[in-house]
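Here are the chains, one letter per residue:
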Amino acid sequence: MKEPIWITGAGIVSAVGCNKREVLESLVAGRSGIGPMRYLRSVHIEFPVGEVPMSDEELCAALGIDASTPTIRTALLGMLALGEALDEAGLSGGELPGAAFISGTTVGGMDRSECYYPDFLANDSRNEYIAMHDCGASTELIADRFGRFGFVSTPSTACSSAMNAILVGANLIRSGAFDIVVAGGSECLT
């Protein structure tokens, strides 16, 4: 029989709440997070969406990040959730070099790429955002926010990315490679 793997902390940022308490309250009250687009920047506004109810500027403020710092929404959402999870688990920055961080995503920095790609060749003033399109960039931004992890990886397997991150994390623990793994995912579909 396999030894159990214990989850000691969790963080949630979603269309129905920006932490576990808010999400639980919304679920108990039967509140939906689906509605007209308010915060995402996209030309595709004709469909209802489930978006985190905070602007990028509000996310930056909540995280203490200067609004002029180049970043992507996928990373901001992941940072907020990871902060909650690390706090609940009682993990400090000093413990992270001995831990693995596996963060799944499908779109990485698509929120900025969609806005800036049309004039990418003619206007190179936003290349730092185009460089953040890669899925691994969001994981690196999240990891850098909290300190250096002993191992960082980014599964990108469509809608299963976060679940695959959790499976990779469990396998890292079962193999004995790491005693502590932080695993999950973040997305900013646009």
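Rules and cut-offs
Residues numbered from 1 in each chain as written. Predicted model: local features only at pLDDT ≥ 70, side-chain atom pairs only at ≥ 80, totals over all residues. Heavy atoms only, no water. Buried < 20%, exposed > 50% of the residue type's maximum accessible area, 1.4 Å probe, protein only. Helix = DSSP H or I, 4+ residues; strand = E, 2+ residues; numbered from the N terminus. Pairing = 2+ DSSP bridges. Core = buried A, V, L, I, M, F, W, Y, C linked by side-chain atoms within 4.5 Å.

Some remarks on the pairing of strand β3 (residues 99-104)
Across the six residues of β3, six count as buried, placing the element largely inside the fold. Because side chains alternate across β3, one face comprises the buried residues Ala99, Phe101 and Ser103, and the other comprises Ala100, Ile102 and Gly104, equally buried. Pairing of β3 with strand β5 (residues 180-185) involves six bridges; the strand directions are parallel. Bridging across to β5, Ser103 finds its partner in Gly184. Inspection of the sheet shows β3 paired to strand β4 (residues 151-153) by three bridges, in the parallel sense. Following the sheet pairing, Phe101 is matched in β4 by Val152.

Describing unusual backbone geometry
In most cases, non-glycine residues show a negative phi, while peptide bonds are predominantly trans. With a phi close to 60°, Ala158 is a non-glycine residue in the positive phi region. Position of Ala158 relative to the elements: it lies in the loop between β4 and α7 (161-174).

Focus: the nonpolar core
Val13, Leu76, Met79, Leu80, Leu82, Phe101 and Phe149 are the most contacted members of the largest nonpolar core, which totals 24 residues. Counting residues per element, the ones that place at least two in this core are α2 (56-63), α3 (73-89), β3 and α6 (135-146). Element by element, the count of residues in this core is highest for α3, at eight residues. Grouped together as the second largest cluster of nonpolar side chains are six residues, Ile102, Ala165, Leu172 and Phe178 included.

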